[in-house]
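The residues making up each chain are set out below.
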Amino acid sequence: MQEEKKSSSLLQSFGLKMAIIIVMSSIIGSGVFKKVAPMAELLHTPWLIILAWLLAGIVILFGVLSIAELAVLYPQSGGPFHWLEKIYGKTISFLYGWSCFTVIQTAAISSIAFVFAGALNTFVTLPQLPLDWQSISFLGLHPFSNFGAKIVACLLIIFLTQVNIKGAKKGGNLSLVFTFLIIGSILIISIAAFSGNQGSIATFQTPSSNYPVAGFGALGLFSAMVLAMRNAFWGYEGWIALGFIGEEIKNPTKNLPKALTIGIALIILLYLIINTAYLYIMPIDEMLAALRLNENNIAAVVVTDKILGTGGAYIISGMILISTLGCTNATILVSSRIYYAMAKKGLFFEKAAKIHPKNKTPHFSLNYQCFWACILIFSGSFDTLTDLLIITAFIFFGIIVFGVIYLRIKDKNAPRLYKTPGYPFVPLIFVIFCIILLVVSFIESPVKSIIGIGFIFSGLPFYYYWKKKLPHNNMDEE
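None of the values given here were measured: they were computed from a predicted structure.

(A) How the structure looks around helix H14 (residues 284–292). Within H14, the full set of buried residues consists of Ile284, Met287, Leu288, Ala290 and Leu291. Looking straight down H14, one finds its buried side chains confined to an arc of 160°; they lie on one side.

What follows is the structure, encoded as structure tokens:
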């Protein structure tokens, strides 16, 4: 019986070093290359932009320090899905898992893969369908526009899904290779920026011509900083990923909090270094003027061109290819464990609970995820996908971290081998910031916010259907 249980479980494949790599590879993506421009348009001065990256990183670190307590208490695969069940019950837990499948994690996979395809277009011109086909609209979507990039993105997701079906360790090793490559690339471009003669401290100290003559007022600065931090959060997206694979971490009590904290701290450091390099090389006004020449231009490409000449575009596009490939792979790996965990409880498609007999990976869960992520790619809008996933994700991030406080009250005698430092202020600050972000999103983008809420509650009919099929004892199980 014990042997049967062992054969149907996921392997503990990841030690501390690999866990740190998974955290970092789940996060480092297109945000570090693309987000400095919209942040510059909001804050107008380099030191405030760097401060926004730092503050966003600190908020995420507070979230990480908080969820580490939940990850050690409940180190099962599926992470937040299990945490929410223990804290709030099965309905909230299911809605989170369903939202991950419909928009949060699958949209993250789709959007990152889409950026990969865009970077590939720098090297190889991707084919396009005739204009008549591209203009075809279905429910306001244009599934045949930018067709070549969509095909490449789908092929990438299909390929990486098959890699992860072959084995979690193989998927993890792929993340290891690409994470080292992108970190090396970030360091190389930063060293080139600071060691050359194109940049200066004076450049870094030069504000935009749009900087308010009298400076920011308190309310104006607060509003601009929150919006800039919201842009930075796309750069930190994926921070909760390690909680999804707690069952596959060796010695999770010790390694989970360490991997989460070290991984995020290193990401913050890298982001501060490379964004400082951008603003050390090029004044804000010059950067924004170059970006306005072509809507497809990327800040990092413009800056690298100035450092290394025209070859810089190819170098930075290669960096984006590497980072998005690794990030897509890591997100595919960790996200599929949510639906596996749901299916084991009878609250998802039944086959998603099956483990590959040879590779010991949740192959059906991976394939379901692959199929829906490819469908999302053909929705025709990268920006819509990223906006929806951030709005939806931060609803649950706030609920999850608030659960640390709620659980301390509800189950105060539970053995806590790890406790959130700075409790209750650390989780409270994170929750408050989630609320601020959501209020801003509803004011700025009411339609997208309502669609995000719709994705969450679209799972209720499925929930009640699967719930009816379960034995009564199973539903009462804690």
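(B) Molecular detail of the confidence of the model for the chain. Of all residues in the chain, 84% attain a pLDDT of 70 or more, and the chain-wide mean is 80. Taking the mean pLDDT of every element in the chain, the minimum, 43, falls on helix H1 (residues 2–7) and the maximum, 91, on helix H17 (residues 363–377). Across residues 1–8, confidence stays below pLDDT 50; counting only partners more than four residues off in sequence or on other chains, it has three contacts.

(C) A look at a nonpolar patch on the surface. On the surface, a cluster of nonpolar side chains totalling about 180 Å² of accessible area is made up of Leu54, Leu55 and Ile58. Mapped onto the elements of the fold, Leu55 is located in helix H5 (residues 46–73). In this structure Leu55 comes out as partly exposed when scored by relative accessible area, which is 30%.

(D) Inspection of unusual backbone geometry at higher detail. At the junction of Tyr423 and Pro424, the peptide bond is cis and its omega measures out at 0° in the coordinates. Take Pro424: it is sitting in the loop between helix H18 (382–410) and helix H19 (425–444). A positive phi angle, close to 70°, is found at His44, a residue other than glycine.

(E) Local environment of the state of the cysteines. On inspection of all chains with the given rule, the structure shows zero disulfides. Of all cysteine sulfurs in the structure, the one in Cys374 sits closest to Cys154, which takes part in no disulfide; the separation is 3.7 Å. The class for Cys374 is buried, based on a relative accessible area of 13%.

(F) Here's a closer look at the environment of Leu266. Looking at where Leu266 falls in the secondary structure, it is placed in helix H13 (residues 252–281). Here Leu266 falls in the partly exposed class, since its relative accessible area comes to 36%. Expressed as a C-alpha distance, the spacing of Leu266 and Ile20, which sit 246 residues apart in the sequence, is 9.5 Å.

(G) Structural context of the pattern of salt bridges. The full count for this structure, using the stated rule, is five salt bridges. The partner of Glu69 in a salt bridge is Arg408, and the shortest N-O contact between them spans 2.9 Å. Here Arg408 lies in helix H18 and Glu69 lies in helix H5, a separation of 339 residues in the sequence. On the basis of relative accessibility, which here comes to 2%, the residue Glu69 falls in the buried class. The partner of Lys306 in a salt bridge is Glu286, with the nearest N and O atoms 3.3 Å apart. Linking Lys306 in helix H15 (residues 299–308) with Glu286 in helix H14, this pair joins segments that are 20 residues apart in sequence. Judged by relative accessible area, which is 36%, Glu286 ranks as partly exposed. A cluster of three or more residues bridged by salt bridges with shared partners is formed by Glu69, Arg408 and Arg416.

The rules we used
Residues numbered from 1 in each chain as written. Predicted model: local features only at pLDDT ≥ 70, side-chain atom pairs only at ≥ 80, totals over all residues. Heavy atoms only, no water. Buried < 20%, exposed > 50% of the residue type's maximum accessible area, 1.4 Å probe, protein only. Helix = DSSP H or I, 4+ residues; strand = E, 2+ residues; numbered from the N terminus. Arc of directions from axis to C-beta. pLDDT = per-residue confidence, 0-100. Contact = heavy atoms within 4.5 Å. Patch = residues over 30% accessible without salt bridge, like charges linked within 9 Å, V, L, I, M, F, W, Y side chains within 5 Å. Areas by Shrake-Rupley, 256 points an atom, 1.4 Å probe, with all protein chains shown as cover. Salt bridge = Lys/Arg side-chain N within 4 Å of Asp/Glu carboxyl O. Disulfide = S-S within 2.5 Å.

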